[in-house]
Amino acid sequence: MTRPGPRVAVVGGGLSGLVAAYQLSLDLPGAHITVLEESAAPGGALATTDFPSGPMELGAEAFICRRPEAAGLIDELGLTDRLEHPGTLGPAILTGGRLEPMPTGTLMGLPSDAGTLAGVLDPEDVARAAREPEIPFEWPPGADVSLGDLVAERFGPAVVRRLVDPMLGGVYAARSAGLGLRQVVPGLAEALDKGAPSLTEATRRLTARRATGPVFATLNGGYRVLVEALGRASGAEIATGSRCTAIRRDGPGYAVDVTGAGGTRSVGADLVVVAVPVPRALPLLTAIGGAEAAAGSLSGIRTASSAVVALEVDRALDLPQRSGVLVATDEPVPYKAMTFTSRKWPHLDDRPGHLVRVSFGRLDDDEVLDSGDEALTRMAVAGLADVCGSDPIVMHSRVRRWQDSLAEIGPDHDATIAGIRGELAQRVPGLELVGGATEGVGVPACIGSARAAARRLAAQWQD
Ligand SMILES: Cc1cc2nc3c(=O)[nH]c(=O)nc-3n(C[C@H](O)[C@H](O)[C@H](O)COP(=O)(O)OP(=O)(O)OC[C@H]3O[C@@H](n4cnc5c(N)ncnc54)[C@H](O)[C@@H]3O)c2cc1C
């Protein structure tokens, strides 16, 4: 007699939870999968809203298409004809009150030739960066260090403040001092492992063999298209308005307590996927019994909050011919980045107004998020006016806050996660933790993490 398919509870209906549900539906076709999502709609940080002129992203807006995970999933779901790529405009750096083009030949803000940094750095800082190849460099192969500390030591702190932190700020919401070199720029760590004699040379080797073709992609219609396709393809029951308050052991499986409009109920599950941000996962793991050590390690991973103000403004505004503005961390403005969305993405340039996103909030520098939505919108509009030299006429605006949604992926993160995975496998079999705090921040990393965890669960069930 074949046993019935497992009952699966996925806690969190963001990208990671939806991908885990989809992969489990492929690997365990008889499974009954319930995705428990506390908000009114699935998607989490994939959050497409509607302006009267069309879709606009309030969370993630793109993904790196040179990594295989997102492009592969999109292909599998039959969405390849929806792919769109950015145009050729690059970003500007806001530094010293001026907009300067992002220097050429840089990798995540690291220079391969300090001579290109003149517009962004003061002459003495350019000279300091230029001396980097002459400074003796000890690199033990396999070393894992803070990206920001290494760049500050080798090139000088101005390169961190004016290039590396602004470049990384949009993706990580943490400063590079808290991010691991190996996690954020693995190719650079490999070039150093292979004997590159300096950071300049390691960067030069990578930029020289950089693949041609687009680096980023997005979906026509917005990320909503992916969220809906995943929901459909997984066949999962997507229970929105359902907040998981506890996960308890129940015989060989689990009982997942859920609070929603109808009150509190308990969902029985043979397999559980926890796909929520770290501070939300911690109480759930701590209360299960057996997962305390894993929760303890997880609690060491810090998370950042942020907010996005999305604007459509009248085209009378003279928006710079740039994809957006990255802000040096010593610049006295409240926002950390602006994307000129309709300049960056040619398929969005047919809207009646210019589309612009203004982002706020970095780890350890997020007091600005205490401001109300109206105040954030005013700051966004004032920033845009400064950058453009005249006041925008706002046609539409929307504010979205992201609480604790981006994890700080520090040095030794991979070892920490391997330890957590080992603990969970041993102490709470049938339960997996996925999401941006595990195999890395960003859409491709979340897809990879969720698929791998779902495959492990399926293999365990089939054993
Ligand atoms: C503003 C912003 C911009 C970004 N831009 C990009 C980008 O351009 N490219 C890129 O690759 N990445 C980007 N990222 C990162 C990327 O979007 C995320 O790494 C990814 O979407 C995270 O997905 P997730 O499912 O792991 O987590 P989340 O999206 O945080 O989803 C978790 C879900 O769990 C739900 N939840 C939480 N607690 C509970 C509970 N107790 N019970 C039930 N449900 C619960 C939440 O409501 C949420 O829907 C961005 C992130 C943000 C915040």
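No experiment lies behind these values; they were computed from the predicted model shown.

Draft legend 1. Structural context of the sheet that holds strand β2 (residues 32–37). Read across the open sheet, the five strands follow the order β12-β2-β1-β16-β22; overall the sheet is parallel. The open sheet is flanked by β12 (237–240) and β22 (431–433), the only strands paired with a single partner. Neighbouring strand axes in the sheet, compared pairwise and without regard to direction, differ in orientation by 15° on average. Strand direction decides the pairing type here: β2 and β12, joined by four bridges, are parallel. Within β12, the position partnered with valine 35 by the bridge is isoleucine 238. The strands touched by helix α1 (residues 15–27) are β1 (7–11), β2, β12 and β16 (271–274); relative to β2, the strand with the most contacts, the crossing angle is about 175°.

Draft legend 2. Geometry of the domain arrangement of the protein. The domain architecture assigned to the protein consists of domain 1 (7–46 + 221–301 + 409–462), domain 2 (105–208) and domain 3 (305–406). Computed from C-alpha coordinates alone, the two centres of domain 1 and domain 2 are separated by 35 Å. Overall, the association of domain 1 and domain 2 removes approximately 580 Å² of surface from exposure, summing both partners, and the carbon and sulfur fraction of that is 59%. A per-residue breakdown of the area domain 1 buries against domain 2 is headed by Ile409, Pro411 and Val441, which together make up 70% of the total. Here domain 1 is connected to domain 2 by zero salt bridges. Counting the contacts that link domain 1 with domain 2 gives two residue pairs in polar contact (both at pLDDT 80 or more). Of the residues in the side of domain 1 that touches domain 2, the class split is three nonpolar, two polar and two charged.

Draft legend 3. Region of interest: the site of the ligand. As a matter of local geometry, the ligand sits amid 32 residues, with Ser16, Glu37, Ala45, Ala62 and Val443 nearest to it. Within the contact set of the ligand, a nitrogen atom lies 3.4 Å away from a side-chain nitrogen or oxygen of arginine 280. The contact in question runs from an oxygen atom of the ligand to an N or O atom on the backbone of glycine 442, over 3.2 Å. Here the ligand has 1,000 Å² of accessible area as a free molecule, and 90% of this is covered by the chains. Here the residues of the shell around the ligand sort into 17 nonpolar, ten polar and five charged. Inspection of the shell around the ligand shows a minimum of three residues originating in each of domain 1 (7–46 + 221–301 + 409–462) and domain 3 (305–406).

Draft legend 4. Representation of the pattern of salt bridges. In the structure shown here, the tally under the stated rule is 25 salt bridges. For glutamate 439, the salt bridge is made with arginine 421, and the minimal N-O distance between the two is 2.9 Å. One end of the pair, glutamate 439, is in the loop between β22 and α15 (443–462); the other, arginine 421, is in helix α14 (residues 413–427), with 18 residues separating them in the sequence. Among the charged side chains, a network of salt bridges with common partners joins Asp122, Arg161, Arg162 and Asp330.

Draft legend 5. Structural detail: the packing of aromatic side chains. Inspection of every chain in the model, using the stated rule, returns one aromatic pair. The cationic tip of arginine 154 hangs over the ring face of phenylalanine 137; the distance from NZ or CZ to the ring centre is 4.2 Å. The ring of phenylalanine 216 carries the charged tip of lysine 344 above its face, separated from the ring centre by 6.0 Å.

Draft legend 6. Fine view of the sheet that holds strand β6 (residues 83–84). On the basis of which strands lie adjacent, the open sheet formed by three strands has the order β5-β11-β6 and antiparallel pairing. Each edge of the sheet is formed by a strand with only one pairing partner; in this case those strands are β5 (63–64) and β6.

The rules behind these values
Residues numbered from 1 in each chain as written. Predicted model: local features only at pLDDT ≥ 70, side-chain atom pairs only at ≥ 80, totals over all residues. Heavy atoms only, no water. Pairing = 2+ DSSP bridges. Helix = DSSP H or I, 4+ residues; strand = E, 2+ residues; numbered from the N terminus. Axes fitted to C-alpha atoms, helices over the stretch in contact; angles between N-to-C directions. Contact = heavy atoms within 4.5 Å. Domains from an automatic or database assignment. Buried area = accessible area lost by both parts, 1.4 Å probe. Salt bridge = Lys/Arg side-chain N within 4 Å of Asp/Glu carboxyl O. Polar contact = N/O pair within 3.5 Å; in protein donor to acceptor, adjacent residues only side chain to side chain. Nonpolar A, V, L, I, M, F, W, Y, C, P; charged D, E, K, R; others polar. Near = heavy atom within 4 Å. Areas by Shrake-Rupley, 256 points an atom, 1.4 Å probe, with all protein chains shown as cover. Phe/Tyr/Trp six-rings, centres within 6.5 Å; stacked < 30°, edge-to-face > 60°. Lys NZ or Arg CZ within 6 Å of the ring centre and 35° of its normal.

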